[in-house]
Amino acid sequence: MTETKDERARRLLTARIDRNLPKRFYKQVEVGENDAGFDIRLDGRIVKTPLKRTFAVPSRDMADAIAAEWDAQDTHIDPSTMIVSRLANTAVDRVRDDEARIVSELRDFAGSDLVCYRAATPDPLVTRQAKHWDQVLDWVKATHGVRFICVEGIVHHTQPEEALAAISGALTAEDEFRLTAIHNIATLTGSTLMAMMTAAGALSGEAAWAAAHADEDWQIEQWGSDEEAEARRAARKLDFDATIQFLAMC
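What comes next is a walk through the structure.

Procedures and definitions
Residues numbered from 1 in each chain as written. Predicted model: local features only at pLDDT ≥ 70, side-chain atom pairs only at ≥ 80, totals over all residues. Heavy atoms only, no water. Core = buried A, V, L, I, M, F, W, Y, C linked by side-chain atoms within 4.5 Å. Buried < 20%, exposed > 50% of the residue type's maximum accessible area, 1.4 Å probe, protein only. Contact = heavy atoms within 4.5 Å. Phe/Tyr/Trp six-rings, centres within 6.5 Å; stacked < 30°, edge-to-face > 60°. Helix = DSSP H or I, 4+ residues; strand = E, 2+ residues; numbered from the N terminus. Lys NZ or Arg CZ within 6 Å of the ring centre and 35° of its normal. Lys, Arg positive; Asp, Glu negative; His and termini not counted. Salt bridge = Lys/Arg side-chain N within 4 Å of Asp/Glu carboxyl O. Pairing = 2+ DSSP bridges.

**Overview of the nonpolar core**
For soluble globular proteins, nonpolar side chains are generally found buried alongside one another.
Line of reasoning, step 1. Of all hydrophobic cores here, the largest spans 66 residues; its most connected members are Ile-40, Val-57, Ile-66, Trp-70, Phe-148, Leu-193 and Met-194.
Line of reasoning, step 2. Setting aside chain neighbours within four positions, we find Leu-193 in contact with Ala-110, Asp-113, Val-115, Val-136, Leu-137, Trp-139, Val-140, Phe-148 and Ile-167.

Take a look at the structure:
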């Protein structure tokens, strides 16, 4: 039977150069509840984060998804297959105490946002970019009252300070779990603005993924693709889909 792209991506994602992964040491996985939220219990013992902090997530749905990842581990525990768990641990260990830095990174990313750099030619590509990306800029203007400037080419253009300040202000209002999701989506798409629109529910995950790959899809249509590039993209899509799931459960 021919291996599908998603199956190949999962195989590559779980392929391990270093086989010294920890063995599964537990039999039962359960969801519990504490003062901070919902937790995961392995044979009755509450899971800690990698930094040994109390692990707690804001919703039962998220806890159930994380419990399913723990339960799906076979003889060894492979963190690369536990994307929702990784995002939750990142929120607790890395983002919670450092939100200002994360917001600053996203602001800087918005300063050179994908949707602001357009092709001059050919016309079909120009049209495709406008179709996918103009809606993002329109949403930012309507929602946050600021305008980002589009330019042709890839030479950096400084965005208005009031636009970047508005983005920072909106991101500062997000909690650590949503901020973690927004940061991951921005990293995977190349666009803080697209990530914010997706987090607001104004752009679907599939639409965001298509918009983020407008240029790449154009190149593929013209020149074709290769198996390794397809597998890398499919692996990123698994990460992206899990992040969209994580965002919905925040």
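**Considering the packing of aromatic side chains**
Line of reasoning, step 1. On inspection of all chains with the given rule, the structure shows four aromatic pairs.
Line of reasoning, step 2. With centroids separated by 5.7 Å and ring planes inclined at 75°, the aromatic side chains of Tyr-26 and Trp-70 adopt a geometry described as edge-to-face. Of the two residues, Tyr-26 is situated in the loop between helix H1 (5-14) and strand S1 (29-34) and Trp-70 in helix H2 (residues 60-72); the sequence distance between them amounts to 44 residues.
Line of reasoning, step 3. Accessibility expressed as a relative area gives 14% for Trp-70, which makes it buried.
Line of reasoning, step 4. Ring centres of Trp-209 and Phe-240 lie 5.0 Å apart, and the angle between their planes is 45°; this geometry places the pair in the tilted category. Pair noted here: Trp-209 is in helix H9 (residues 205-212) and Phe-240 is in helix H11 (residues 227-249), with a separation of 31 residues, a long-range link.
Line of reasoning, step 5. By relative accessible area, Trp-209 is classed as buried at 7%.
Line of reasoning, step 6. Judged by relative accessible area, Phe-240 falls into the buried class, the value being 0%.
Line of reasoning, step 7. Of the aromatic side chains, those joined through ring pairs into one cluster are Phe-25, Tyr-26 and Trp-70.
Line of reasoning, step 8. Directly above the aromatic system of Trp-209 lies the positively charged group of Lys-237, at a separation of 5.9 Å from the ring centroid.

**A look at the side chain of Glu-69**
Line of reasoning, step 1. Structurally, Glu-69 can be placed in helix H2.
Line of reasoning, step 2. Notably, Glu-69 is buried but unbridged: the nearest opposite-charge side chain belongs to Arg-86, and the N-O separation is 8.3 Å.
Line of reasoning, step 3. Setting aside its immediate chain neighbours within four residues, Glu-69 contacts Thr-81, Met-82, Ile-83, Val-84 and Ser-85.

**A look at the environment of Trp-209**
Line of reasoning, step 1. Separated by 32 residues in the primary sequence, Trp-209 and Asp-241 have C-alpha atoms spaced 9.3 Å apart.
Line of reasoning, step 2. Among all residues touching Trp-209, those that are not within four sequence positions of it are Arg-233, Arg-236, Lys-237 and Phe-240.

**So, the sheet that holds strand S2 (residues 37-42)**
Line of reasoning, step 1. Pairing is antiparallel in the open sheet, where three strands are placed in the order S1-S2-S3. The open sheet has two edge strands with one neighbour each: S1 and strand S3 (45-46).
Line of reasoning, step 2. Looking at chain direction, S1 and S2 are connected through six bridges and run antiparallel. Bridge pairing in S2 places Asn-34 opposite Gly-37.

**Comments concerning unusual backbone geometry**
The phi torsion of most residues other than glycine is negative, and most of the peptide bonds are trans.
Line of reasoning, step 1. Following Thr-121, the chain continues to Pro-122 via a peptide bond in cis, the omega torsion being -10°.
Line of reasoning, step 2. Among the structural elements, Pro-122 can be located in the loop between strand S4 (117-118) and helix H5 (123-144).
Line of reasoning, step 3. Residues other than glycine seldom take positive phi values, yet Asp-43 does so here, at roughly 50°.
Line of reasoning, step 4. Note that Asp-43 resides in the loop between S2 and S3.
Line of reasoning, step 5. Overall, Asp-43 belongs to the partly exposed group, its relative accessible area being 42%.
Line of reasoning, step 6. With phi around 65°, Lys-52 is a residue other than glycine that occupies positive phi space.
Line of reasoning, step 7. The exposed category is assigned to Lys-52, whose relative accessible area is 66%.

**Looking at the pattern of salt bridges**
Line of reasoning, step 1. Taken as a whole, this structure holds 18 salt bridges when the rule is applied.
Line of reasoning, step 2. The partner of Arg-101 in a salt bridge is Asp-98, with the nearest N and O atoms 2.4 Å apart.
Line of reasoning, step 3. A relative accessible area of 39% means that Arg-101 is categorised as partly exposed.

Functional significance is not addressed by these values, which are geometric in nature.
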